[in-house]
Amino acid sequence: MPYDVDDNICARAIEWHIRLRDGDDATWEAFAEWLAANERHAEAYEAIEADDLAIDPLLPLVVIREAANDQDTPARGRWRGGLFGGAIAASVAAAVLLFSSPAPSRYHVVTAPGERRVVALDAATEVTLNGATRMTFDRKDPRFASLASGEALFRVGHDVQNPFRLQVGGNVVEDAGTVFNVVHERGEVRVAVAEGKIVYNPGARAVSLDAGQSLVDRGGATRVKVSDVPITAVGSWKSGSLVYAGAPLSRVAEELSRALGVRITAAPSIADQPFFGTIILDGSGAGQLRRLGSALNVSVEERADGWIMRPAGSAAP
Amino acid sequence: MSDGGLVSLFGELRPALLRYLMARGASADEAEDILQDIHMKMLADHIGPVSQARAYLYSMTNNHFLMHRRTADRRTRREEDWSEINGGRDGEVDERPSVETELIAREQLAILQRVLDELPERSRIIFRRFRIDGEPQRRIAEELGISVSAVEKHLARAYEAITLARRRWDEDRPDRRHLTGERNRHAI
């Protein structure tokens, strides 16, 4: 492990790592030069990059404490206890966290896997959070929302003077009178529009989406990709059906996890296999998974820590 | 050109990207493969005009490098695991995260939580906004009324604490595999 590089190089590597996330041409070129200058630079950079990637799956589970909030121990205590006791076991009750800094009016809403929650921001604007979702709202600004991770369906009352703006990572979705669905996980943003129109990242790199269109943004390296989506499929999870037109099984597994509140993964060998069809959730919870296997053309097995989809026919008896 | 000249810029930048990949530790063959993948992807995808096109190409190259490494690691691991278990059917590998992996995840979560708790409050909040909420540094700086370089210092403090904690954790348990299990498994 490249841990013997000296602290000064490590400190520089950390600075680069921080700058590169929103880095411009000059930053990247200067970084390439620094990297090539000395082998130890590359080792130090690799270490910090790997550290940062490694905390990815843990970040949704950490609690960011903020001092002014320490008085409100009842809610917080429960939240923390829940997290450490069962976050990985997917049994956290929903928690609303208040935090007073920097914007005292902001608050978090977090749903557990399998849970749904509706937040009304004003008379005409309503956000439905799917399971395993983390969002931030602002009591003083009903036109603001931020989706840290997970999935939510938005029904937004349009106001030309004051458009609704959703922050998703470093991106912005601005509505123009709309029903739209947004998923944010592992650095990927997916937006689908059922009604009206939205503008993704208004400004020089704006992408506008009409009803029946969706986009995928995989972050810095790839460009936003726009494709068509059946309107009835947008946010259909809310009514218990999941509609797919060629989505990889890894995504189907992810969405089933969110909807059913159990951990479901697709084995790597079939993770990219496309699925076409509609899954109607019948309310029987995880029990339905076994029956879904044939529809998905996979075998679904229960394991100690969740469910796994494997190639059909590979199941243990 | 519909791609705003991105493909031709890629052609121009290719030698620099190749150097970049090799500086990152890719072999010449590996670097060529990665650039070839990127080229194919650019031709296949509909890519709109990009501001900061060189930054875009570098970051795309870096991401492909990471994906490439991850796939290679996974392959190695599968082979290793296969030779270890030596009893499955048809070379099939048990994909199930073990109880041990689960314990490691919990332990790592507790360590990460402690590290973040020990940070000065302002650093912690800036770290959340940058890393968890994904806000750009400039916006954080504007809203907090401080300079971008001050934001950077807070973030550096948070990352230093995280890398130190992981280093200590590794040293305590040299035999343990990381939660991701994918790091530094390749020869440099």
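Residues numbered from 1 in each chain as written. Chains lettered and ligands numbered in written order. Predicted model: local features only at pLDDT ≥ 70, side-chain atom pairs only at ≥ 80, totals over all residues. Heavy atoms only, no water.

### Here we look at unusual backbone geometry
Phi is positive for Asn297 of chain A, close to 60 degrees, though the residue is something other than glycine. Its place among the elements puts Asn297 of chain A in the loop between α6 (287–296) and β18 (298–303). Located in the positive-phi region is Gln52 of chain B, a residue other than glycine, with phi close to 55 degrees. Inspection of the secondary structure puts Gln52 of chain B in the loop between α2 (28–44) and α3 (53–85). The class for Gln52 of chain B is partly exposed, based on a relative accessible area of 39%. (Helix = DSSP H or I, 4+ residues; strand = E, 2+ residues; numbered from the N terminus. Buried < 20%, exposed > 50% of the residue type's maximum accessible area, 1.4 Å probe, protein only.)

### Examining the packing of helix α5 (residues 121–132) of chain B against helix α6 (residues 137–144) of chain B
Residues and elements named next belong to chain B. Their axes nearest at 10 Å, the elements α5 and α6 cross at an angle of 140 degrees. When the axes of α5 and α6 are compared, the pair comes out oblique. Crossing of α5 against α6: the hand is right-handed. Contacts between α5 and α6 pair Arg122, Ile126, Arg129 and Phe130 from the former with Gln137, Ile140, Glu143 and Leu144 from the latter. The residue makeup of the contact of α5 with α6, split by class, is 4 nonpolar, 1 polar and 3 charged. (Axes fitted to C-alpha atoms, helices over the stretch in contact; angles between N-to-C directions. Parallel < 35°, antiparallel > 145°, perpendicular 65-115°, else oblique. Left-handed = near helix turned anticlockwise from the far one by under 90°. Contact = heavy atoms within 4.5 Å. Nonpolar A, V, L, I, M, F, W, Y, C, P; charged D, E, K, R; others polar.)

### Describing the side chain of His41 of chain A
Residues and elements named next belong to chain A. As for its position among the elements, His41 is in helix α3 (residues 39–54). Among the residues examined, His41 registers a relative accessible area of 12% and is labelled buried. Among the polar contacts made by the side chain of His41, one reaches the main-chain carbonyl oxygen of Trp34 at a distance of 2.7 Å. Once residues within four sequence positions are removed from consideration, His41 is found in contact with Ile9, Trp34 and Leu35. (Polar contact = N/O pair within 3.5 Å; in protein donor to acceptor, adjacent residues only side chain to side chain.)

### Some details on the environment of Ile9 of chain A
Residues and elements named next belong to chain A. If you trace the backbone, Ile9 turns up in helix α1 (residues 7–21). Ile9 gets classed as buried once you look at its relative accessible area, which sits at 10%. For Ile9 and Arg40, which are 31 residues apart along the polypeptide, the C-alpha to C-alpha distance reads 7.7 Å. Beyond its immediate stretch of four places on either side in the chain, Ile9 contacts Trp34, Arg40, His41 and Ala44.

### With respect to α2 of chain B
Residues and elements named next belong to chain B. When the terminal C-alpha atoms of α2 are compared, their 24 Å separation across 17 residues agrees well with the 24 Å that a helix rising 1.5 Å per residue should span. Turning to α2, its buried residues number three or more, namely Glu30, Ala31, Ile34, Leu35, Ile38 and Met42. Projected onto a plane normal to the axis of α2, the buried residues spread over an arc of 130 degrees and lie on a single side. Looking at α2, the residues exposed on the side facing more than 90 degrees away from the buried face are Asp29, Leu43 and Ala44. (Expected span 1.5 Å × (residues − 1). Arc of directions from axis to C-beta.)

### Re the sheet that holds strand β19 (residues 306–311) of chain A
Residue and element names in this part refer to chain A. Sheet architecture is open: 3 strands sit in the order β16-β19-β18, paired in mixed fashion. Of all the strands in the sheet, the pair left with one neighbour each is β16 (264–266) and β18. Between one strand axis and the next, the sheet turns by 25 degrees as a mean value, whatever way the strands run. Here β16 runs beside β19; their pairing, made up of 3 bridges, is parallel. Paired with Ala266 across the bridge in β19 is Met309. (Pairing = 2+ DSSP bridges.)

### Description of the packing of α1 of chain A against helix α2 (residues 25–37) of chain A
Residues and elements named next belong to chain A. In the contact formed by α1 and α2, the axes pass within 10 Å of each other and the chain directions differ by 155 degrees. In terms of orientation, α1 lies roughly antiparallel with respect to α2. Viewed along their axes, α1 and α2 form a crossing whose handedness is left-handed. Of the residues in α2, those in contact with Ile9, Arg12, Ala13, Trp16, Arg19 and Leu20 of α1 are Thr27, Trp28, Ala30, Phe31 and Trp34.

The analysis is restricted to geometry; functional conclusions fall outside its scope.
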